[in-house]
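# Structure assessment
The chain contents come next:
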Amino acid sequence: MLMYLAAAAPKPENPYGLVEALEQGGVIAWTVFIILCGMSVGTFYILFTKLIEQQKVINQGKKVRATFWRAGSLKEASAKLEKNSAYKQIVDDGIKAQEEHGKLKDPVEAHDWLHGSLARSEAGINSSLGGGLAFLATVGSTSPFIGLFGTVIGIYRALIKIGAAGQASIDAVAGPVGEALIMTALGLAVAVPAVLAYNFLQRRNKNIAEQLNGFTVDLLAYLVSDGAVKPSVGPAPAAPVAKPAVAPTKA
């Protein structure tokens, strides 16, 4: 009977949980917690949106390598690319630069003019792909210190309680010390994903930049040679062979 009553009795609430620690910390603890949560949300938002953006450019590069140089002209090849394709932007800028070269009053080498135009277009794409990475770097470098600020405040409050009580009892310092440890853990939990995401996205951007640069070099050679120089392409993929129709069997 006593065991049944003990099991049915309500369990005492934990006075040292996260919410309780934040309530004891007051405005400073809640402010640090909200800032770290905002940083974490921003980190994962940038990570997933950049992954989608990068994957689009990677898929566009695969399509360019497979079909672009098989077209009869650059305008025809550009028309087959996606409307907002990064590669289409480079091609269109190259075609526009080639058409505007004859309008220049000062004599400028066609190679230099086209190279500058294509490099500017490529740099714009790389800059767009790098957007948001500065936020990840900032979060990775500052969030541990923001958590450390909450830690210092928690320890300071623990010392004040010890001084007021005249003795270092567990009941007096458990709350503030727990708050301090929670803030340290939150700062690290926000910083580590941000650093990993930054390095991962930066590596993918580097690979994409190398692919874009290779395409730009091939396009420049094609433009300055009036189409005489272009990358070698393999044989066109064979069309799928239609299966012969099976004659219906007579019953």
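Turn by turn, an α-helix covers 3.6 residues, leaving residues three or four places apart pointing in a common direction. With 16 residues, helix H5 (residues 86-101) should cover 22 Å at 1.5 Å per step; its first-to-last C-alpha distance of 23 Å lies within 8% of that length. Those residues of H5 that sit buried are Ala-86, Tyr-87, Lys-88, Ile-90, Val-91, Gly-94, Ile-95 and Ala-97. Capping the start of H5 is the job of one residue whose side-chain oxygen sits 3.2 Å from the backbone nitrogen of Tyr-87: Ser-85.

A grouping of Phe-145, Leu-148 and Val-152 is seen on the molecular surface, where their side chains present a nonpolar patch of about 310 Å² in accessible area. Within the fold, Val-152 resides in helix H7 (residues 133-165). In this structure Val-152 comes out as partly exposed when scored by relative accessible area, which is 47%.

Mapped onto the elements of the fold, Asn-205 is located in helix H8 (residues 170-224). On the basis of relative accessibility, which here comes to 9%, the residue Asn-205 falls in the buried class.

This next bit is on the confidence of the model for the protein chain. With 75% of its residues at a pLDDT of 70 or more, the protein chain has an overall mean of 79. Ranking the elements of the protein chain by mean pLDDT puts helix H1 (residues 2-8) last, at 39, and helix H3 (residues 27-67) first, at 90.

A separate point is the pattern of salt bridges. Here the structure, examined in full by the defined rule, presents 4 salt bridges. One salt bridge connects Lys-50 with Glu-53, and the closest N-O pair in it is separated by 3.0 Å. Here the residue Lys-50 and the residue Glu-53 both occupy positions in helix H3, the gap between them amounting to 3 residues, near one helical turn. Relative accessible area serves as the criterion here: at 26%, Glu-53 is assigned to the partly exposed category. Its salt-bridge partner being Glu-76, residue Lys-80 comes within 3.8 Å of it at the nearest N-O pair. Highlighted residues: Lys-80 and Glu-76, both in helix H4 (residues 74-80), separated by 4 residues, approximately one helical turn. Taking relative accessible area as the criterion, Lys-80 reaches 53% and is therefore assigned exposed.

When the terminal C-alpha atoms of helix H6 (residues 110-129) are compared, their 29 Å separation across 20 residues agrees well with the 28 Å that a helix rising 1.5 Å per residue should span. Here H6 has its buried residues at Leu-114, Ser-117, Leu-118, Ser-121, Glu-122, Ile-125 and Leu-129. For H6, the arc enclosing every buried residue in end-on projection is 125 degrees, short of the 170-degree limit, so these residues lie on one face. Opposite its buried face, H6 presents the exposed residues Asp-112, Arg-120 and Ser-127, each directed more than 90 degrees away.

Counting residues in each nonpolar core, the largest one holds 25 residues, and the members touching the most others are Phe-68, Leu-74, Tyr-87, Ile-90, Phe-215 and Leu-219. Among the elements of the structure, H3, H4, H5, H6 and H8 are those that each provide at least two residues to this core. Beyond its immediate stretch of four places on either side in the chain, Phe-68 contacts Lys-63, Leu-74, Ala-77, Ser-78, Leu-81, Val-91 and Phe-215. Counting 10 residues, the second-largest nonpolar core is a separate cluster that includes Ala-29, Phe-33, Leu-36 and Ala-194.

Our focus in this paragraph is the packing of H5 against H6. Look at H5 against H6: their axes get within 9 Å of each other, and the N-to-C directions meet at 150 degrees. The orientation of H5 relative to H6 falls into the category roughly antiparallel. Here the hand of the crossing between H5 and H6 comes out right-handed. Where H5 abuts H6, its residues Ala-86, Gln-89, Ile-90, Asp-93, Gly-94, Ala-97, Gln-98, Glu-100 and His-101 lie against Ala-110, Trp-113, Leu-114, Ser-117, Leu-118, Ser-121 and Ile-125.

The next point concerns the environment of Lys-96. Inspection of the secondary structure assignment puts Lys-96 in helix H5. Residue Lys-96 is classed as partly exposed on the basis of its relative accessible area of 48%. For the pair Lys-96 and Leu-114, spaced 18 residues apart in sequence, the C-alpha separation works out to 9.4 Å.

Parameters and conventions
Residues numbered from 1 in each chain as written. Predicted model: local features only at pLDDT ≥ 70, side-chain atom pairs only at ≥ 80, totals over all residues. Heavy atoms only, no water. Helix = DSSP H or I, 4+ residues; strand = E, 2+ residues; numbered from the N terminus. Expected span 1.5 Å × (residues − 1). Buried < 20%, exposed > 50% of the residue type's maximum accessible area, 1.4 Å probe, protein only. Polar contact = N/O pair within 3.5 Å; in protein donor to acceptor, adjacent residues only side chain to side chain. Patch = residues over 30% accessible without salt bridge, like charges linked within 9 Å, V, L, I, M, F, W, Y side chains within 5 Å. Areas by Shrake-Rupley, 256 points an atom, 1.4 Å probe, with all protein chains shown as cover. Salt bridge = Lys/Arg side-chain N within 4 Å of Asp/Glu carboxyl O. pLDDT = per-residue confidence, 0-100. Arc of directions from axis to C-beta. Core = buried A, V, L, I, M, F, W, Y, C linked by side-chain atoms within 4.5 Å. Contact = heavy atoms within 4.5 Å. Axes fitted to C-alpha atoms, helices over the stretch in contact; angles between N-to-C directions. Parallel < 35°, antiparallel > 145°, perpendicular 65-115°, else oblique. Left-handed = near helix turned anticlockwise from the far one by under 90°.

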